[in-house]
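The lines below spell out each chain.
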Amino acid sequence: MKTLPIPPLQQTVDRFVSGVSPILNEQQREKTAKAAEDFIQQGGPKLQQRLLKYADQQTNKGVSWLTELKLTEYLHDYRPHSITNNASLQLDYSRLSTTPAGQNLDINQGITRAASLIHRLLRLHIDYINDNIDPPVDARNQSISMYNWRMLTGAMRIASSQKADDKDYYYYAPKQATNRHISIFWQGHHFSLQVSDAEGNIYLTSDIEKALHLIVAKNYNEPSFNFAAISALDSIQTNAYLTELCENPHNRQVFDTLKDSLFCFSLYQSGADDESQIKEQTFLPGNAWQYKPNTYQFDLVSDFLAIHFEHSEIDGAALSLMFNYALDVELDKPKLAEGSIKIEQMDWQYDEDFANRINQDIAVIAAKAQQLNARQCTVDYSDLSVKVSHDALMQFALIYAQLKVYGKVRNTYEAVDTSHFMAGRTEGLRPNSHEAIQLCKSLLTNEANLDQLQQALAAHKQRVIACKKGQAFDRHLSGLKFMRQEEDNEPSVEAFFNSPGYKILTGGDFLSTSSLGSQYPVKRILFAPVMDG
């Protein structure tokens, strides 16, 4: 598989200056251009050489130069996940379900649908563990990296205290198919559900359905706080509460069970519309274990289904490929486990003082989450008679909206999939080109013409191609910045990374956008606003 290239330094700096220029004023442009020129002539080449050497070392480890740097960046963000970096993918399972789609379904139909989905997901995980999945390919027949599929063994981000060298890290369960389990959330409680036997065979869909019925049919006392709500807190708080809980051997066992589960599956009854459920399931505490790579959120009385995912190790494009694989699975094939499924209720044990303290902290996060809203906006492109990038047109719509509302355009991030490189993930495209902004300004005055549209589309396409080839500037600049050393004392380097252009580039995107190219199996992707307001 191709390794992620490191672009020429001059090219990256030139593309950075050109890319950020449309959202700078004249004074900012001049200062940024001067800092960029000094960086090229003075401190930049040394950082480039370090990055090239580092890339060779990482290639020998089977990853790209960006892989560990990007993971480190995510793991150093200790804020509450659901209202910062975690994302939600709403999934379409209606095509494979044998029960009706829509709202107000019978709960028994919902359990049948949930059992069939769990069975398919188990085949995905177990097939990966047994090395039975062929590497996927993209539309150009390029192999797609499966490096981040390793979370299918069962994984979890571990929250840390941030003291000394105690930092967040990722835990991966052993790559074994035997005696595995998943975590089920229901009415604020946590259950361990056995899903494979001593030979690594998974259970029949009907057996999984029976187990879900047993969980749902029982009456439970309402817990003092939702089992999963601890994970809605920031890393420091989550670590502190889990450390306190795990002084109790029972709670230590509960945590280890959660850590080793293949995935989490949250069952609930809502029946509300998509926008209401998107907000609740994505942002509010208690609906996912937010440190697990994936919690499936399944409404038993509607066709709403989403994956709440921890973003440090996985992206939407990879999850979409995984879900496609699961959807192609034929139920109850091949060899299956026999016998009843072991179900164990595994909740936290705590006293009243603990519950009071944690509820206060959960309430703070819940209040912040309640301020977030989701609204679905649709654009009809059906009248278009020529092949154009719908993604580009959406970016133009967002530029138009900014000009209409604010009279100016601010920084926008657009994710571009680069998983065709070894351990590749994404590159950051900056879509606010001079051509796109000029098109939208002309649209505001009803003076736009076809030539402007074609120029804007061409500019967007060139940037997409640069990202796909590993020749964009965003990630390269991040890599160069990571190569700085305290003893360097190089003024041109500090001046460049503190220039107005670089500060605006990295100071928080006004808009962060993502596209998967189709609405099946992923209907939509959602994440919290990337900056206040």
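Everything below is about the structure printed above this text.
Here's a quick rundown of the structure. Here the structure is a predicted model, which means the values were calculated and not measured.

Two faces make up the sheet, and in a regular strand the side chains alternate between them. The element strand S7 (residues 295-299) is largely enclosed, with a buried count of 5 among its 5 residues. Residues Thr295, Gln297 and Asp299 point to one face of S7 and Tyr296 and Phe298 to the other, with burial holding for every one of them. Strand direction decides the pairing type here: strand S6 (residues 264-268) and S7, joined by 5 bridges, are parallel. Each residue of the ladder has a partner; that of Ser266, found in S7, is Gln297. Where the polypeptide runs from S6 across helix H9 (residues 274-283) and back to S7, its parallel neighbour, the crossover connection is right-handed. In the sheet, S7 pairs with strand S8 (residues 305-309) via 4 bridges, with the strands oriented antiparallel.

Another point: empty space enclosed by the protein. Counting across every chain of the model gives 3 cavities of 30 Å³ or more. Quantified by volume, the largest cavity comes out at close to 110 Å³. Along its surface, the largest cavity is lined by 14 residues, and Ser145, Asn148, Ala318, Ser419 and Gly424 are the ones closest to its centre. Top contributing element to the lining of the largest cavity by residue count: helix H10 (residues 316-327), with 3 residues. In this structure, the second largest cavity encloses a volume near 90 Å³. Forming the boundary of the second largest cavity are Leu4, Ser64, Leu66, Thr67, Lys70, Tyr74, Asp315, Ala423, Gly424, Arg425, Thr426 and Arg475. In terms of residue count, helix H4 (residues 67-75) provides more of the lining of the second largest cavity than any other element does, 3 residues in total.

So, about the packing of aromatic side chains. Summed over all chains, the structure comprises 22 aromatic pairs. Seen from their ring centres, Tyr406 and Phe510 are 5.5 Å apart, and the 85 degrees between their planes marks the pair as edge-to-face. Taken together, the residues Tyr406 in helix H12 (residues 390-406) and Phe510 in the loop between helix H17 (500-506) and strand S12 (511-513) connect sequence positions 104 residues apart. Its relative accessible area of 44% is what places Tyr406 among the partly exposed residues. Across from the ring centre of Phe510, 3.9 Å away, lies the NZ or CZ of Arg410, which sits over that ring.

This brings us to the pattern of salt bridges. Taken as a whole and assessed by the stated rule, the structure comprises 21 salt bridges. For Glu313, the salt bridge identified is with Arg150, shortest N-O distance 2.4 Å. Placement of the pair is Glu313 in the loop between S8 and H10 and Arg150 in the loop between helix H5 (107-129) and strand S2 (155-158), with a sequence separation of 163 residues. With a shortest N-O distance of 2.7 Å, Arg357 and Glu244 are connected by a salt bridge.

With that out of the way, let us pick up the sheet that holds S6. In spatial order, the strands read S9-S5-S4-S6-S7-S8-S1-S13; together these 8 strands make up an open sheet with mixed pairing. Whereas interior strands pair on both sides, the edge strands pair on one side only; in this sheet they are strand S9 (343-345) and strand S13 (522-527). Between one strand and the next, the sheet's axes are offset by a mean angle of 25 degrees, whatever the strand orientation. Of the strand pairs in this sheet, strand S1 (residues 87-91) and S13 are connected by 5 bridges, and their pairing is antiparallel. Bridge pairing in S13 links Gln90 to Arg524. The strands touched by H5 within the sheet are strand S4 (181-186), S6, S7 and S8, with S7 carrying the most contacts at an inclination of about 160 degrees. Against the sheet, helix H6 (residues 205-217) makes contact with S4, strand S5 (189-194), S6 and S9, and its axis sits at roughly 35 degrees relative to S4, the strand it touches most.

Definitions and limits used
Within each chain, residue numbers correspond to sequence positions counted from 1 in written order. Totals for whole chains, interfaces and linings use all residues, but because this is a predicted model, local features are given only for residues with pLDDT of at least 70 and pairs of side-chain atoms are given and counted only at 80 or more. Water and hydrogen atoms play no part in the side-chain values, which are based on all heavy atoms of the structure. In this scheme, a residue with accessible area under 20% of its type's maximum is buried, one over 50% is exposed, and one in between is partly exposed, where area comes from a 1.4 Å probe on protein chains only. For the purposes of this entry, the term helix denotes a DSSP run of H or I that reaches at least four residues, the term strand denotes a run of E that reaches at least two, and both are numbered from the N terminus. When DSSP finds two or more bridges between two strands, those strands count as paired. Assignment of crossover handedness uses the view with strands pointing away from the viewer, where a clockwise path from the first strand over the helix to the second indicates a right-handed crossover. Two kinds of site are reported from a 1 Å grid over the protein atoms alone, namely cavities, where a 1.4 Å probe fits but cannot get out, and pockets, open sets with protein on both sides within 12 Å along at least five of seven lines, and residues are called lining when an atom falls within 4 Å of a point. Grid points are joined across faces, edges and corners, and a volume is the space filled by probe spheres set on the points. Pairing of aromatic side chains here covers Phe, Tyr and the six-membered ring of Trp, requires ring centres within 6.5 Å, and sorts the geometry by plane angle: under 30 degrees stacked, over 60 edge-to-face, intermediate tilted. Counted as over-ring charges are cases with an Arg CZ or a Lys NZ within 6 Å of the ring centre that also lie within 35 degrees of the ring normal. Here, a salt bridge means any Lys or Arg side-chain nitrogen found within 4 Å of an Asp or Glu carboxyl oxygen. Axis lines are fitted through C-alpha atoms, for helices just across the contact stretch, and the angle between N-to-C directions can take any value from 0 to 180 degrees. Whether two residues are in contact is decided by their heavy atoms: any pair within 4.5 Å suffices.

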